[in-house]
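Here's the letter readout for the chains.
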Amino acid sequence: MKRRAKVALALGGGGARGCAHIGALKVLQRAGIQIDMVVGTSIGAVVGAGYAVSADAHEVESRFNAFLQSQEYKKSGLEMFKRREPAENFFGQVATTIKQRVVVNLAQSKTSLVGEKRLKNVMDVLIPDGRIEDTKIPFYCVASNVSTGKPVLFEEGDMRTIVSASASIPGFLPPYQINGYVLVDGSVVCPIPVLPARELGADVIIAIDVGQRLNENPPLDNVINVLFQTQHMTARHYNLLLLENADVVVRPDVGLVHWSEFKLLHYMIEEGERVTEEALPAIKEAISENSRKWWQLF
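Residues numbered from 1 in each chain as written. Predicted model: local features only at pLDDT ≥ 70, side-chain atom pairs only at ≥ 80, totals over all residues. Heavy atoms only, no water.

A.B. asks: Looking at this model, I keep getting lost on the overall build of the protein. Mind explaining?
C.D. replies: Secondary structure assignment for the protein yields eleven helices and eight strands. Looking at the protein residue by residue over its 298 residues, the buried ones come to 54%. Within the protein, residue pairs in contact and separated by at least 24 positions form 77% of the contacts whose partners lie at least 6 positions apart. When the accessible surface of the protein is totalled, it reaches about 14100 Å², and 53% of it is carbon and sulfur. (Helix = DSSP H or I, 4+ residues; strand = E, 2+ residues; numbered from the N terminus. Buried < 20%, exposed > 50% of the residue type's maximum accessible area, 1.4 Å probe, protein only. Contact = heavy atoms within 4.5 Å. Areas by Shrake-Rupley, 256 points an atom, 1.4 Å probe, with all protein chains shown as cover.)

A.B. asks: I would appreciate a short explanation of the pattern of salt bridges in the present structure.
C.D. replies: Applying the stated criterion across every chain, the model contains ten salt bridges. For glutamate 271, the salt bridge is made with arginine 274, and the minimal N-O distance between the two is 2.5 Å. Residue glutamate 271 and its partner arginine 274 are located together in helix H11 (residues 265-297), separated by three residues, close to a single helical turn. Take glutamate 271: its relative accessible area is 8%, and that puts it in the buried class. Arginine 274 sits in the partly exposed class, given a relative accessible area of 40%. Counted as one network, the salt bridges with shared partners bring together Lys26, Arg30, Glu61, Glu273 and Glu277. (Salt bridge = Lys/Arg side-chain N within 4 Å of Asp/Glu carboxyl O.)

A.B. asks: Which parts of the structure should I look at to understand the nonpolar core?
C.D. replies: Soluble, globular proteins show a tendency: their nonpolar side chains are buried together. With 66 residues, the main nonpolar core has Val46, Phe64, Phe139, Phe154, Val163 and Phe262 as its most contacted residues. Here this core gets nine residues from one element, more than from any other, and that element is H11. Setting aside residues up to four positions removed in sequence, valine 46 forms contacts with Phe64, Met123, Leu126, Ile127, Val163 and Ala167. Core analysis: the second largest hydrophobic core is formed by 17 residues, Met37, Val39, Val142 and Leu243 among them. (Core = buried A, V, L, I, M, F, W, Y, C linked by side-chain atoms within 4.5 Å.)

A.B. asks: Even after reading the chapter, I still don't get the pairing of strand E6 (residues 181-184), so can you show me in this structure?
C.D. replies: Every other side chain in a regular strand lies on the same face of the sheet, so the side chains alternate between the two faces. In terms of strand pairing, strand E3 (residues 139-145) meets E6 through two bridges, oriented antiparallel. In the strand pairing of E6, asparagine 145 is matched with leucine 183. In terms of strand pairing, strand E5 (residues 176-178) meets E6 through three bridges, oriented antiparallel. Directly across from glutamine 177, in E6, lies its bridge partner valine 182. (Pairing = 2+ DSSP bridges.)

A.B. asks: Explanation requested: the side chain of glutamate 61 in the structure shown.
C.D. replies: With respect to the helices and strands, glutamate 61 occurs in helix H3 (residues 57-69). A relative accessible area of 15% places glutamate 61 in the buried class. Contact partners of glutamate 61, with chain neighbours within four places excluded, come to Ile22, Lys26 and Ile269.

A.B. asks: Sorry, what's going on with the environment of threonine 148 here?
C.D. replies: With respect to the secondary-structure elements, threonine 148 resides in the loop between E3 and strand E4 (151-154). At a separation of 3.3 Å, a polar atom in the side chain of threonine 148 contacts the main-chain amide nitrogen of lysine 150. (Polar contact = N/O pair within 3.5 Å; in protein donor to acceptor, adjacent residues only side chain to side chain.)

A.B. asks: How should H3 be read in this particular structure?
C.D. replies: Residues separated by three or four positions in an α-helix point in the same direction, a consequence of the helix having 3.6 residues per turn. Taking 1.5 Å per residue as the helical rise, H3 with its 13 residues ought to reach 18 Å, and the 19 Å between its terminal C-alpha atoms agrees with that figure. Buried residues of H3: Ala57, Val60, Glu61, Phe64, Phe67 and Leu68, and no others. End-on view of H3: buried residues confined to an arc of 115°, all on one side of the axis. By the N-cap criterion, in which a side-chain oxygen at the helix start approaches the backbone nitrogen of a residue two or three places on, H3 is capped by aspartate 56, the distance to histidine 58 being 3.0 Å. (Expected span 1.5 Å × (residues − 1). Arc of directions from axis to C-beta.)

A.B. asks: Can you help me understand the packing of aromatic side chains in this one?
C.D. replies: The geometry of an aromatic ring pair comes down to the distance between the two centres and the angle between the two planes. According to the stated counting rule, one finds two aromatic pairs in the structure shown. When the centroid spacing of 5.3 Å and the interplanar angle of 85° are considered together, the rings of phenylalanine 67 and tyrosine 73 count as edge-to-face. Residue phenylalanine 67 shares its accessibility class with tyrosine 73, and that shared class is buried. Considering the side-chain rings of phenylalanine 67 and phenylalanine 262, the 6.0 Å spacing of their centres and the 85° angle between planes classify their relative orientation as edge-to-face. Highlighted residues: phenylalanine 67 in helix H3 and phenylalanine 262 in the loop between strand E8 (248-250) and H11, separated in sequence by 195 residues. This pair shows no difference in class: phenylalanine 67 is buried, exactly as phenylalanine 262 is. Ring pairs connect the aromatic residues Phe67, Tyr73 and Phe262, which therefore count as one cluster. (Phe/Tyr/Trp six-rings, centres within 6.5 Å; stacked < 30°, edge-to-face > 60°.)

This is the structure in structure tokens:
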């Protein structure tokens, strides 16, 4: 009995760099690659949710274009954190502001720099209304449990609420409370959801990695810069270990884009398309090889 491989997309986190996911989706859609499940974390959950609902990458692209033109984008606070130096770490941006004595009191009295209502307005533009379990393509979303330090995988529930929790950058956005969990950005413990995809029964996992590239010539002139570079080394090493469990890894060259630079949307989509086109032979071979193994087994 011949059986087609069950194919999963694992869409990783990376803030604005995740717009490259849209380009990858456009190529897979054009190539007729059937996707059986989408698993997303952080921005990967935002893009993945839109795609799972519509099964149309162009509709996801339209939503992001609309977001860039909207008042919600202008009010989002993202422009505050535009890169001024090579380090992209969010906490680096906050530390710089603190050094300028602007948000000292704010940081002591609030759980985030941007309120929950502002995030809700953004998500209303980017994510269709509905429930996770009702999507055209099965969709799963990962968030991080602050209390236990473990990932939480959502298979059902209100789409906008759960995806918002998965994309809630600590410090920038407030934690979410859902089903008794206190949740923040899924990237904290699951920067790319390869292992959840495997646990959900995927035979072939296509992982889209939009993580930040390691700065090979970082400024190490003070304690903060040294700490940020070493933290980034740890995070990148963990990400690479997770990617060893994927069958095909697609890496758009967006690693130097700052996490807040959504205005580079079109560049990132084009880059996602370019590298996914290059990866198509490997993707098709992985699917074909897995299907052959299943056929030989039975």
